[in-house]
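Fold and geometry: a report
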Amino acid sequence: MSRLLDWRRRWELRRTPPGPLRSYLEHPFVPPKTDYREVDYLAIDLETTGLDLANDLILSVGYVWVRGTSIDLSSARHRVVRIDRSIPEATAIIHQITDDESAEGSELADVLEELLEVLAGKVMIAHHARIERGFLTNACKRLWKQGLLMPVVDTQTLAYRTFERRQTPFKASDLRLHALGDRYNLPRYSAHNALSDALASAELFLAQAAYRDNGDGLPLRDFLC
């Protein structure tokens, strides 16, 4: 899948005008046969006004760089996005982002340009990555008329595969980020903060990878979704 994705990257590059998206596409994707320990990842989490990809908006972006099997905390960033509407009360209660905070945030184009510069050449890590991939793709379409291609590791998908392979009964709630963190005895962070959830996703991936790795390493393709 990753090899096909890189072919699509090269094809998209030929028709993408100069700008942040073209600069991102100029970096080759990591070959799927690469040992996962030699790969650079970017753990990303988004907080949004809701889960409707067509109508809801990105409120904040958090990310942290994972260099092989180490998390580079100096790379951690949290950016609040300025949006053009009031934040629903129920959303503000969950994410603790108010209208005033959003008004002082950055334009989405600036946040995405920064994110794409850091993400270039890396593999995205996210928990329930459909949300991050969907919102980032839609945002790029609105800003630059093209979607966003990227290789992805979904820690929720990895957990699902592990439960299925081991024939372990599980509930949907067992696949939540913090429930899985507890299973691996990882630190507990406040939920619904983009940066802390990105960090939790990074730690969860490394725990999942270590559990699968017998010391000889594994190819990146074993983790891609």
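This is a predicted model, so every value here is computed, not measured.

Turning to the side chain of H127, a few remarks are in order. Mapped onto the fold, H127 is located in the loop between β4 (123-126) and α6 (130-144). By relative accessible area, which is 12% here, H127 ends up buried. Among the polar contacts listed, one links the side chain of H127 to the backbone nitrogen of Q156, at a separation of 3.3 Å. Within polar-contact distance, the side chain of H127 engages the backbone nitrogen of L177 at 3.2 Å.

On the surface, L4, W7 and W11 cluster together into a nonpolar patch covering about 350 Å² of accessible area. Along the chain, the position of W11 falls in helix α1 (residues 2-14).

Attention shifts here to the packing of helix α5 (residues 108-119) against α6. Closest axis-to-axis distance for the α5/α6 pair is 11 Å, and the angle between their directions is 115°. The two elements α5 and α6 meet at a crossing, and its hand is left-handed. Together, L108, A109, L112, E113, L115 and L116 of α5 and L136, A139, C140, R142, L143 and W144 of α6 make up the contact between the two elements. Looking at the contact of α5 with α6, its residues break down into ten nonpolar, no polar and two charged.

With that out of the way, let us pick up the packing of aromatic side chains. This model, assessed by the stated rule, comprises six aromatic pairs. Measuring from ring centre to ring centre gives 5.7 Å for Y160 and F170, while their planes differ by 90°; the resulting arrangement is edge-to-face. On the criterion of sequence distance, the pair formed by Y160 in helix α7 (residues 155-165) and F170 in the loop between α7 and α8 (177-183) is long-range, its members being ten residues apart. Among the residues examined, Y160 registers a relative accessible area of 39% and is labelled partly exposed. The interplanar angle of 20° and the centroid separation of 4.9 Å between the aromatic rings of F163 and F170 together place this pair among those described as stacked. Look at F170 and you get partly exposed, because its relative accessible area is 27%. Members of the aromatic cluster, connected to one another through ring pairs, are Y36, Y41, F205 and F223. A cation over a ring is seen here: R9 above F29, with NZ or CZ 5.9 Å from the ring centre.

Counting residues in hydrophobic clusters, the biggest one holds 38 residues, and the most contacted among them are Y24, I58, M124 and L136. Secondary-structure elements contributing two or more residues to this core are α1, α2 (20-25), β1 (40-48), β2 (58-67), α5, β4 and α6. Per-element tally for this core: the top contributor is α5, with six residues. When sequence neighbours within four positions are dropped, the list of residues in contact with I58 reads L46, E47, T48, V81, I83, L108, F135, L136 and A139. Grouped together as the second largest cluster of nonpolar side chains are 19 residues, A43, V123, F223 and L224 included.

Counted according to the given criterion, the structure contains zero disulfides. Unpaired in terms of disulfides, C140 finds its nearest cysteine sulfur in C225, a separation of 17 Å.

This part covers unusual backbone geometry. Among all residues save glycine, negative phi is the norm, and among peptide bonds the norm is trans. In the Ramachandran plot, Q96 falls in the positive-phi region, its phi being about 60° despite a non-glycine side chain. Mapped onto the fold, Q96 is located in the loop between α3 (89-95) and α4 (99-103). Positive phi, normally seen in glycine, also occurs at N185, with a value near 60°. Structurally, N185 is set in the loop between α8 and α9 (194-212). Of the residues examined, N185 reaches a relative accessible area of 72% and is grouped as exposed.

Conventions and cut-offs
Residues numbered from 1 in each chain as written. Predicted model: local features only at pLDDT ≥ 70, side-chain atom pairs only at ≥ 80, totals over all residues. Heavy atoms only, no water. Helix = DSSP H or I, 4+ residues; strand = E, 2+ residues; numbered from the N terminus. Buried < 20%, exposed > 50% of the residue type's maximum accessible area, 1.4 Å probe, protein only. Polar contact = N/O pair within 3.5 Å; in protein donor to acceptor, adjacent residues only side chain to side chain. Patch = residues over 30% accessible without salt bridge, like charges linked within 9 Å, V, L, I, M, F, W, Y side chains within 5 Å. Areas by Shrake-Rupley, 256 points an atom, 1.4 Å probe, with all protein chains shown as cover. Salt bridge = Lys/Arg side-chain N within 4 Å of Asp/Glu carboxyl O. Axes fitted to C-alpha atoms, helices over the stretch in contact; angles between N-to-C directions. Left-handed = near helix turned anticlockwise from the far one by under 90°. Contact = heavy atoms within 4.5 Å. Nonpolar A, V, L, I, M, F, W, Y, C, P; charged D, E, K, R; others polar. Phe/Tyr/Trp six-rings, centres within 6.5 Å; stacked < 30°, edge-to-face > 60°. Lys NZ or Arg CZ within 6 Å of the ring centre and 35° of its normal. Core = buried A, V, L, I, M, F, W, Y, C linked by side-chain atoms within 4.5 Å. Disulfide = S-S within 2.5 Å.

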